[in-house]
Amino acid sequence: MPLLFKSLNHGEIPFGFFNIETDMILLNNYFFFASDFAGYIVEMAGKKLNEPSDMTWDTYILEEKDIGNLMAAISGVYFSGFIGEVYGHFPFPHEPEKFKQNPEGYKTRELIDGIIKRYTSLTKIPVVAALSSREIKIGEYIFSRVGFHELLAYLWAGGYPRWKDGIRPDYILKMKGSIIRSTHHLFEGIRLE
């Protein structure tokens, strides 16, 4: 489940997995595959201390009318928009103990990619980690360093439901390894537990 995280310029916005059977995550109206997002973090973490880290990330940007209603899709009463279509393929589990993020969610990528492309196409967004202010701008959303760390901790944990059987996908393990080794200012003080 996406949780609310504090941005510096848009207040609290949702971030996270929205369906346990896919590795796609949302950042308000931006949609990324978590494996791609983690790959961008690996690339950023590989930059040297105080090295500019301006990047371009691929994302799907959906208009609000195309996103759908997550709570209606979870409850199975209304399957509108992109999220509704995803829940049409992967309904919310009836048994609470089955509500865990699938570490093999990347295997649904081809299907999910096909669905989202009916609503929008990939867009390149700028991502800038400011050296002086210790902030990161992901497209139009700005986070403090601590706020950005909270996003990464969410991914490491597997979101609200946590990773199924405590097993993390390789891309998440690689992301953590790169963060631990990083000397880049943006990762200073991060804790992933």
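Residues numbered from 1 in each chain as written. Predicted model: local features only at pLDDT ≥ 70, side-chain atom pairs only at ≥ 80, totals over all residues. Heavy atoms only, no water.

Colleague: Break down the environment of I41 for me, with residues and values.
Modeller: For I41, the location among the structural elements is in helix 1 (residues 34–45). Expressed as a C-alpha distance, the spacing of I41 and V86, which sit 45 residues apart in the sequence, is 26 Å. Beyond its immediate chain neighbours, meaning those up to four positions away, I41 contacts W57, F148, L152, M175, S178, I179 and F187. (Helix = DSSP H or I, 4+ residues; strand = E, 2+ residues; numbered from the N terminus. Contact = heavy atoms within 4.5 Å.)

Colleague: An account of the pattern of salt bridges is needed here, citing residue identities and associated values.
Modeller: In the structure shown here, the tally under the stated rule is nine salt bridges. Across the salt bridge formed by K65 and D66, the nearest N and O atoms sit 3.2 Å from each other. (Salt bridge = Lys/Arg side-chain N within 4 Å of Asp/Glu carboxyl O.)

Colleague: Please set out the side chain of D23 residue by residue, giving values where relevant.
Modeller: Locating D23 in the fold gives a position in the loop between strand 2 (12–17) and strand 3 (24–27). R109 is the oppositely charged side chain nearest to the buried, salt-bridge-free D23, at an N-O distance of 5.4 Å. Only 3.0 Å separates the side chain of D23 from the side chain of S35, close enough to count as a polar contact. If we ignore the near neighbours within four places in the chain, the residues touching D23 are F17, F32, F33, A34, S35, G105, Y106 and Y171. (Buried < 20%, exposed > 50% of the residue type's maximum accessible area, 1.4 Å probe, protein only. Lys, Arg positive; Asp, Glu negative; His and termini not counted. Polar contact = N/O pair within 3.5 Å; in protein donor to acceptor, adjacent residues only side chain to side chain.)

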